[in-house]
Amino acid sequence: MTIETIQLLTPEGERVEHPEYPLVDADIKGMYRDMVLVRRLDSEAIALQRQGELGLWASLLGQEAAQVGSARALSPRDMVFPSYREHGVAWCRGLDPMRLIEMFRGVTNGTWDPEEHKFHLYTIVIGDQTLHATGYAMGLQRDASEDEAVITYFGDGATSQGDVSEAFSWASVFHAPVVFFCQNNQFAISAPPERQSRVPIYQRASGFGFPGIRVDGNDVLACYAVTQQAMRAAREGEGPTLIEAFTYRMGAHTTTDDPTRYRLASELEAWRLRDPIERVRAYLARSGEADATFFEQVDTEADELAVKLRAACLALPDPPPLSVFDHVYAGENAIVAAERAQYAAYLAGFDEEEGAQR
Amino acid sequence: MTRITLSRAINEGLRRSLENNPKVMIMGEDVGKLGGVFRVTDGLQKDFGEHRVVDTPLAESGIVGTAIGLALRGYRPVCEIQFDGFVYPATDQIISQLAKMRYRSQGHVTLPVVIRIPFGGGIGAVEHHSESPEVFFAHTAGLRVVACADPADAFAMIQLAIASDDPVIFFEPKRRYWDKADVDLTAPLSEALPLDKARMVHSGNDVTLLSYGPLVRTCLEAALAASEDGRSIEVIDLRSLSPLDMATITESVGRTGRCVIAHEAPVYAGIGAEIAARVTEECFYSLEAPVLRVGGFAVPYPPARMEDHYLPDLDRILDAVDRAFAY
């Protein structure tokens, strides 16, 4: 079976046409800006982690096009169920990046209201969110809502999880309006995609009875066009689609990982030539759609964003100790209340000791 | 004697088991080339090959389910679950299949599967990477549940677990992986303390402090701090959570008359509750105070910047000890 990969912009920045994916109303400059900003956000977060200000960071380096392209194809009413690396999607949904910084600093486990930006909390346990997305989509069916659909993000590793297969089954059986957006970044920490599947991931959809498409995940235009069409199909009652965005994790799995133990530098170099941002910049410059001033403005904006994030991160207070007991249940709970009171008394004991010493 | 980390000690125990028994296998996510995220399996795939040290697809239920099949075929799989919070997809295979197969088959089927789980907090991790799920497994008949606390014991315990004909859930205290101690790598396994025995790690007269895994070290520090105040704490490392070595526990509490149990897992319906009930039943007339517990709160494991409040530290353990003397 031949593998077709949808591409609308080559790594050299040449536009190519695809009969099934005409590019309409694509704000290419806007896409470029988003990708540059999220890459800067990402590099600043890595720096903050290195300096001990964040506990961890999961870098999206290399996956900017897959995330920005797909997220820009969504309508404001579409619902997103992300994994834990979807900082570019979060950005496009309008979520304040500080919500992500807080989480990776260890101040919160999320905090945002998923409905506010139609962007669910990050899901760290691999693949769990694909079932939530499917169930949410089944809710849309029951509400007879025709202008909403659901998209869920996951990686190549997740496709091995039972929950993801179950999500495929349910979405297919119930014809749910959900798009499965798999960023195949070639690594489940150290394991290559061949450790997860003998067939290309997008081809697995046919066994479940819905279409699967592979798109050049480093081509923001293709990711945009393919996602736009899949979401439209979902909204119009045509059921689920699996999109495999073929991309590459340029960084480590997270800041605790050491990829030199399992991958070759030459492979990294080969993918560097397919950088998702450089090709858009080349296209914009060559076509005259953007000039040097535009690129300078975006770079300046990116640096300003980094400065702002750093300052806000350093200013983050640790949560008050007793907030550890908040929001466990809808109302007051006897066990939690008793433990809160005990711990408050325990902490007060230290204050008294300090007072006595003064 | 070799001075090595806890991570290395388990690695050496695995190595020895792989050397001594061709049926022993290791399987899990990233255990091969990467050597595991905590490097516990470092170098083993290189030395024993991809058939014996298997990088699996990313699926915990699959890891345990296929380990059961391999065990049915005569292998002794040692599964690695990457983090405590990732074991739940495998709980169906563990609880419904692994734990019950011997019983269902009236003893015809033996499943010598070991499931290694790095557990506990204190490393500033993100969600699902700091949990203490041991009670779910201790509550399940058919499983042995153990936790190692220091390098020398871990070296022996992992080998004993692999040699056991029962399925063993083997908890490793992840914040102690880099603790170093002298380990005799030539020590014969026959002389090791059996897997189901607790051990006294600090003798004392006034109170018995029971713990396991990451808090054993904290309890030892508490005993040292208390001795400066003239209070004599006996510290027992439980090692086995199922079964419990009640003989060692009651012997100690019978002498000291006081008992405090410390674990990172929530106090509510935790291992400490089981011990407290049993100690109360068996040592009732020796007790000077109620059996007290100190542990995690009845809340989900909190974000990293709050974990120091959640985790019992030296002060909270000594506070519990003080309370035991208030009666």
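Residues numbered from 1 in each chain as written. Chains lettered and ligands numbered in written order. Predicted model: local features only at pLDDT ≥ 70, side-chain atom pairs only at ≥ 80, totals over all residues.

### What about the overall build of chain B?
To keep things clear, this is the line we draw: Helix and strand definitions here come from DSSP, where helices need a minimum of 4 consecutive H or I residues and strands a minimum of 2 consecutive E residues; each element is numbered from the N-terminal end. The atom set for the radius of gyration is the C-alpha atoms, and the globule formula is 2.2 Å times the number of residues raised to the power 0.38. Contact criterion: two residues are in contact if their C-beta atoms, reconstructed from the backbone, are within 7 Å.
Within chain B, the secondary structure is distributed over 12 helices and 14 strands. Scaling as 2.2 N^0.38, a compact globule of 327 residues should have a C-alpha radius of gyration of about 20 Å, and chain B matches this with 19 Å. C-alpha extents for chain B along the principal axes are approximately 60 × 45 × 40 Å. The long-range share in chain B, meaning contacts at least 24 apart out of those at least 6 apart in sequence, stands at 80%.

### Some thoughts on the overall build of chain A
Keep this limit in mind: Counting other C-beta atoms within 10 Å of its own, a residue is labelled buried from 20 upward, exposed at 12 or fewer, and partly exposed in the gap between, with every C-beta atom placed from the backbone.
Assigned secondary structure in chain A consists of 12 helices and six strands. Judged by the C-alpha coordinates and their principal axes, chain A covers about 80 × 50 × 40 Å. Burial statistics for chain A: of 358 residues in total, 46% are counted as buried. Put simply, of all contacts in chain A between residues at least 6 apart along the chain, 76% involve residues at least 24 apart.

### A few points about unusual backbone geometry
Working note: non-glycine residues mostly have negative phi, and peptide bonds are mostly trans. Of the consecutive residues serine 242 of chain B and proline 243 of chain B, the connecting peptide bond is found in the cis state with omega at 0 degrees. Along the chain, proline 243 of chain B falls in the loop between β12 (240-242) and α9 (246-256). Not every positive phi belongs to a glycine, and isoleucine 189 of chain A is a case in point at roughly 50 degrees. Relative to the helices and strands, isoleucine 189 of chain A resides in the loop between β4 (178-184) and α7 (204-208).

### A word on the sheet that holds strand β10 (residues 207-211) of chain B
Residues and elements named next belong to chain B. So the rule is basically this: When DSSP finds two or more bridges between two strands, those strands count as paired. The axes are straight lines fitted to the C-alpha atoms, using for helices just the contacting stretch, and the angles between their N-to-C directions are given from 0 to 180°.
Taking strand neighbours across the sheet as the criterion, the five strands line up as β9-β11-β10-β13-β14 in an open arrangement whose pairing is mixed. Lying at the two open borders of the sheet, with one neighbouring strand each, are β9 (199-202) and β14 (292-296). This sheet shows a mean twist of 25 degrees between the axes of neighbouring strands, independent of strand direction. Against the sheet, helix α8 (residues 215-228) engages β9, β10, β11 (233-237) and β13 (259-266), with an angle of about 170 degrees to β11. The sheet strands contacting helix α10 (residues 271-283) are β10, β13 and β14, and the helix crosses β13 at an angle near 160 degrees.

### Comments concerning the packing of α8 of chain B against helix α12 (residues 314-324) of chain B
Residue and element names in this part refer to chain B. Going by this rule: An angle counts as roughly parallel when it lies under 35 degrees, as roughly antiparallel when it exceeds 145, as roughly perpendicular when it falls between 65 and 115, and as oblique in every other case. Note on convention: near helix rotated counterclockwise from far helix by under a right angle means a left-handed crossing. Clockwise means right-handed.
Their axes nearest at 9 Å, the elements α8 and α12 cross at an angle of 60 degrees. Taken together, the axis directions place α8 and α12 in an arrangement best described as oblique. Viewed along their axes, α8 and α12 form a crossing whose handedness is right-handed. Taking contact as the criterion, the partners of Thr218, Cys219, Glu221, Ala222, Ala225 and Ala226 in α8 are, on α12, Leu314, Ile317, Leu318 and Val321.

### Concerning the pairing of strand β2 (residues 24-28) of chain B
All names here are of chain B. Within β2, five of the five residues are buried, which leaves the element mostly enclosed by the surrounding structure. Here β2 shows two buried faces, one formed by Val24, Ile26 and Gly28 and the other by Met25 and Met27. As defined by bridge partners, β2 adjoins strand β4 (residues 76-80) across five bridges and the pair is classed as parallel. Among the inter-strand pairings, valine 24 is bridged to a residue of β4, identified as arginine 76. Pairing of β2 with strand β3 (residues 53-55) involves three bridges; the strand directions are parallel. Counterpart to methionine 27 in the pairing with β3 is valine 54.

### Some remarks on the packing of helix α1 (residues 28-50) of chain A against helix α10 (residues 276-287) of chain A
All names here are of chain A. Relative to each other, α1 and α10 sit at 145 degrees, their axes nearing to 10 Å. Handedness of the α1/α10 crossing: left-handed. Taken together, the residues of α10 that come into contact with α1 (itself represented by Ile28, Lys29, Met31, Tyr32, Met35, Val36 and Arg39) are Pro276, Ile277, Val280, Arg281 and Leu284.

### What about the sheet that holds strand β6 (residues 144-147) of chain B?
Residue and element names in this part refer to chain B. Taking strand neighbours across the sheet as the criterion, the seven strands line up as β3-β2-β4-β5-β7-β6-β12 in an open arrangement whose pairing is mixed. Both outer strands of the open sheet, β3 and β12, are each paired with one neighbouring strand and no more. Each strand of the sheet is rotated relative to its neighbour by a mean of 20 degrees, with strand direction disregarded. Pairing between β6 and strand β7 (residues 168-173): four bridges, direction parallel. Bridge pairing links valine 146 to phenylalanine 170 in β7.

### Let's talk about the nonpolar core
So the rule is basically this: Joined through C-beta atoms within 7 Å, a set of buried Ala, Val, Leu, Ile, Met, Phe, Trp, Tyr and Cys residues constitutes a nonpolar core.
Membership of the largest hydrophobic core comes to 192 residues, with the highest contact counts inside it found for Ile243 of chain A together with Leu209, Val260 and Val321 of chain B. No other element matches the 10 residues that helix α8 (residues 220-235) of chain A contributes to this core. Among the nonpolar cores identified, the runner-up in size contains nine residues, and Val324 of chain A together with Phe297, Tyr310 and Leu311 of chain B belong to it.

### Some words on the interface of chain A and chain B
Inclusion rule: The nonpolar class holds Ala, Val, Leu, Ile, Met, Phe, Trp, Tyr, Cys and Pro. Asp, Glu, Lys and Arg form the charged class, and all remaining residues, Gly among them, are polar.
Opposite the 34 residues of chain A that make contact, chain B presents 30 residues. Secondary-structure elements contributing two or more residues to the side of chain A that touches chain B are α4 (97-105) and α12 (334-357) of chain A. In terms of residues, the side of chain A that touches chain B owes the most to one element, α12 of chain A, which gives four residues. By residue class, the composition of the side of chain A that touches chain B is 19 nonpolar, 10 polar and five charged.

### Some points on the environment of arginine 50 of chain A
Residue and element names in this part refer to chain A. Relative to the elements of secondary structure, arginine 50 occurs in helix α1. Accessibility expressed as a C-beta count within 10 Å gives 11 for arginine 50, which makes it exposed. Once the C-alpha coordinates of arginine 50 and aspartate 128 are considered, the two residues, 78 residues apart in sequence, prove to be 29 Å apart.

### Considerations on the environment of glycine 124 of chain B
Tracing the backbone through its elements, the reader meets glycine 124 of chain B in the loop between β5 (114-119) and α6 (134-138). Distance in space between the C-alpha atoms of glycine 124 of chain B and aspartate 308 of chain B is 9.4 Å, their sequence separation being 184 residues. Once residues lying within four places of it in the same chain are set aside, the contact partners of glycine 124 of chain B are Gly55 and Gly106 of chain A together with Ala304 of chain B.

### Considering the domain arrangement of chain B
All names here are of chain B. Heads up, the condition is: Domains are outlined according to an automatic or database domain assignment.
Taken as a whole, chain B is organised into domain 1 (2-191) and domain 2 (199-324). Domain 1 puts 22 residues into the contact, and the matching count from domain 2 is 21 residues. Listed by contribution, the elements that provide at least two residues to the side of domain 1 that touches domain 2 are α6, β6 and β7. With four residues, the single largest contributor to the side of domain 1 that touches domain 2 is β6.

### Focus on the pairing of β7 of chain B
Residues and elements named next belong to chain B. Selection rule: Seen with its strands pointing away from the viewer, a crossover is right-handed if its path from the first strand over the helix to the second goes clockwise.
With six of six residues buried, β7 lies mostly within the body of the structure. Alternating residues of β7 divide into Val168, Phe170 and Glu172 and Ile169, Phe171 and Pro173, and every residue in both groups is buried. Where β5 and β7 come together, six bridges link them in parallel fashion. Bridging across to β7, valine 114 finds its partner in valine 168. Once you follow β6 into helix α7 (residues 151-163) and on to β7, the crossover reads as right-handed.

### Considering α8 of chain A
Think of an α-helix as turning once every 3.6 residues; residues three or four places apart then point the same way. Residues and elements named next belong to chain A. Filter applied, for reference: A helix is expected to span 1.5 Å multiplied by its residue count minus one.
A rise of 1.5 Å per residue sets the reference length of α8, with its 16 residues, at 22 Å; its end C-alpha atoms lie 22 Å apart and thus fit the reference within 8%. Considered for burial, the residues of α8 that qualify are Val220, Leu221, Ala222, Cys223, Tyr224, Ala225, Val226, Thr227, Gln228, Ala230, Met231 and Ala234. A positive phi of about 85 degrees marks glycine 237, the residue just after α8.

### Focus on α12 of chain B
Residues and elements named next belong to chain B. Stated precisely, the cut-off is as follows: The directions from the helix axis to the C-beta atoms are what the arc is built from.
Along α12, the residues that are buried comprise Ile317, Leu318, Ala320, Val321 and Ala324. An end-on view of α12 places all buried positions within 155 degrees of arc, on one side of the element. Residues of α12 that are buried make contact with β10, α8, β11, β13 and β14.

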